[in-house]
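For reference, the chains in residue letters:
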Amino acid sequence: MQHDHGLTVTSKPHSARIHVLVLTGDLDHHTSPRLQAALDGLALAPGDGLVIDLSALLFCDSTGISILVSAHQRAQNAGAELVLAGLDPSIAHAFKIMGLTRVLSFQDTADKAITALQ
């Protein structure tokens, strides 16, 4: 199956303490360096929150999932918290099968994720 939607990563700072990244398109082997670069550009400190808004994500392969799990681990190591928001039910199913719903935090919308971090 070929996916050619690309990936756009938009940073939408919410406050000094809460960072929001919005992903649009496909998160896969070819596009994951864009997300990795955006994550590498964030300085997370203890008490910070990171919301990754996936509501416009069309596709996510295992490479993309690995980047999201690494982002979770990096946030934890920094004393920050990561919340994934707006995950499409078909993509959420893959997370559930892998047991990641027990490890990662999810909210229905970015607004709910921001509220959960405040």
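Bear in mind the structure is a predicted one, so any value in this text is a computation, not a measurement.

A. How the structure looks around the confidence of the model for the protein. On average, residues of the protein score 92 in pLDDT, and 96% of them are at 70 or above. By mean pLDDT, helix α3 (residues 89-97) is the weakest element of the protein at 90, and strand β4 (residues 81-85) is the strongest at 97.

B. Quick look at the packing of aromatic side chains. Overall, the coordinates contain 1 aromatic pair when judged by the stated rule. Here Phe 95 and Phe 106 contribute two aromatic rings whose centre-to-centre distance is 5.7 Å and whose plane-to-plane angle is 85 degrees, an arrangement assigned as edge-to-face. Residue Phe 95 is found in helix α3, and its partner Phe 106 is found in strand β5 (residues 105-107); the two are separated by 11 residues along the sequence. The buried category is assigned to Phe 95, whose relative accessible area is 0%.

C. Structural view of the pairing of strand β3 (residues 49-60). One ladder, built from 9 bridges, connects strand β2 (residues 18-27) with β3; its direction is parallel. Its bridge partner being in β3, Ile 18 is matched across the sheet by Gly 49. Each parallel crossover has a hand, and for β2 linked through helix α1 (residues 32-40) to β3 it is right-handed. Relative to β4, β3 is paired through 5 bridges, and the arrangement is parallel. In the sheet register, Ile 52 faces β4, and the bridge partner there is Leu 84.

Criteria and thresholds
Residues numbered from 1 in each chain as written. Predicted model: local features only at pLDDT ≥ 70, side-chain atom pairs only at ≥ 80, totals over all residues. Heavy atoms only, no water. pLDDT = per-residue confidence, 0-100. Helix = DSSP H or I, 4+ residues; strand = E, 2+ residues; numbered from the N terminus. Phe/Tyr/Trp six-rings, centres within 6.5 Å; stacked < 30°, edge-to-face > 60°. Buried < 20%, exposed > 50% of the residue type's maximum accessible area, 1.4 Å probe, protein only. Pairing = 2+ DSSP bridges. Right-handed = clockwise from strand over helix to strand, strands pointing away.

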